[in-house]
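# Breakdown of the fold
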Amino acid sequence: MLAGPPQPTYGATTTADDLGATAVYYYQDPHTGHRVASLLPPDHPQMICLQAGTHVPASHYGILGVLAAIVWFPLGIGLCLLDRRVQCKRCGASLEDGLCS
């Protein structure tokens, strides 16, 4: 069986102060290898994206861009692409904002 490159571990370790009030989770960034401290648990959508190292992009087109694409076809297609907004499906982070948002 062929073995691929070793996969980095993304597990979170926790520490809490003596009062037990705040849990701090430590993650390893898959791109840089740096240690990241966070108050968010490992099953939070933002931490899942951090652990995976990538976002799941989804494009949404604004109403002005769609109307421009219809009215001024074919040049309106370019305006529609300028009015595009890209968000992560998993964590909701805005990856790219359109001009009209």
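The structure this text deals with has already been given above.
Just so it is clear, the structure is predicted and the values come from calculations on it, not from any experiment.

What counts as what
- Residues numbered from 1 in each chain as written.
- Predicted model: local features only at pLDDT ≥ 70, side-chain atom pairs only at ≥ 80, totals over all residues.
- Heavy atoms only, no water.
- Helix = DSSP H or I, 4+ residues; strand = E, 2+ residues; numbered from the N terminus.
- Buried < 20%, exposed > 50% of the residue type's maximum accessible area, 1.4 Å probe, protein only.
- Contact = heavy atoms within 4.5 Å.
- Axes fitted to C-alpha atoms, helices over the stretch in contact; angles between N-to-C directions.
- Parallel < 35°, antiparallel > 145°, perpendicular 65-115°, else oblique.
- Nonpolar A, V, L, I, M, F, W, Y, C, P; charged D, E, K, R; others polar.
- Pairing = 2+ DSSP bridges.
- Salt bridge = Lys/Arg side-chain N within 4 Å of Asp/Glu carboxyl O.
- Phe/Tyr/Trp six-rings, centres within 6.5 Å; stacked < 30°, edge-to-face > 60°.
- Lys NZ or Arg CZ within 6 Å of the ring centre and 35° of its normal.
- Patch = residues over 30% accessible without salt bridge, like charges linked within 9 Å, V, L, I, M, F, W, Y side chains within 5 Å.
- Areas by Shrake-Rupley, 256 points an atom, 1.4 Å probe, with all protein chains shown as cover.

### Details of the overall build of the chain
- In terms of helices and strands, the chain carries 3 helices and 6 strands.
- The buried share among the 101 residues of the chain stands at 20%.
- Considering only residue pairs separated by 6 or more positions, the chain has 26% of its internal contacts joining residues 24 or more positions apart.

### Here's the deal with the packing of helix α2 (residues 63–71) against helix α3 (residues 75–82)
- The interhelical angle for the contact between α2 and α3, taken along N-to-C directions, is 170°, at an axis separation of 7 Å. Considering the angle they form, α2 stands roughly antiparallel to α3. Note on element contacts: α3 touches α2 through G76, I77, L79 and C80, opposite G65, V66, A68 and A69.
- A per-class count over the contact of α2 with α3 returns 6 nonpolar, 2 polar and no charged.

### Quick look at the pairing of strand β5 (residues 84–88)
- In this structure, strand β4 (residues 57–61) lies alongside β5, joined through 5 bridges in antiparallel fashion. From the neighbouring strand, S59 faces β5, where its bridge partner is V86.
- Inspection of the sheet shows β5 paired to strand β6 (residues 94–96) by 2 bridges, in the antiparallel sense. In the strand pairing of β6, Q87 is matched with S94.
- Linking two consecutive strands that pair antiparallel, namely β5 and β6, is a turn of 5 residues; a positive phi of about 80° is found at G92 within it.

### What about the sheet that holds β4?
- Ordered by their spatial adjacency, 3 strands build an open sheet running β4-β5-β6, and the pairing between neighbours is antiparallel. The open sheet has two free edges, formed respectively by β4 and β6, since each of these has just one partner strand. Within this sheet the neighbouring strands show an average axis-to-axis angle of 35°, counted without direction.

### Points about the pattern of salt bridges
- Per the counting criterion, the structure on display carries 2 salt bridges.
- Of the charged contacts in the structure, one is a salt bridge between E96 and R84, with a shortest N-O distance of 3.6 Å. With E96 in strand β6 and R84 in strand β5, the pair connects residues that are 12 residues apart, well separated along the chain.
- Residue R85 is joined to D97 by a salt bridge in which the shortest nitrogen-to-oxygen separation is 3.9 Å.

### A short note on the packing of aromatic side chains
- Taken as a whole and judged by the stated rule, the model has 0 aromatic pairs.
- Over the ring of Y26 we find R35; its NZ or CZ atom is 3.9 Å from the centre of that ring.

### Points about a nonpolar patch on the surface
- A grouping of Y61, V66, I70, V71, W72, F73, I77, L79, L81, L82 and L99 is seen on the molecular surface, where their side chains present a nonpolar patch of about 1,200 Å² in accessible area.
- Looking at the nonpolar patch, the elements with two or more residues in it are α2 and α3.
- In terms of residue count, α3 provides more of the nonpolar patch than any other element does, 4 residues in total.
- Classification of L82 as partly exposed rests on a relative accessible area of 47%.

That is the geometry; function is a separate question.
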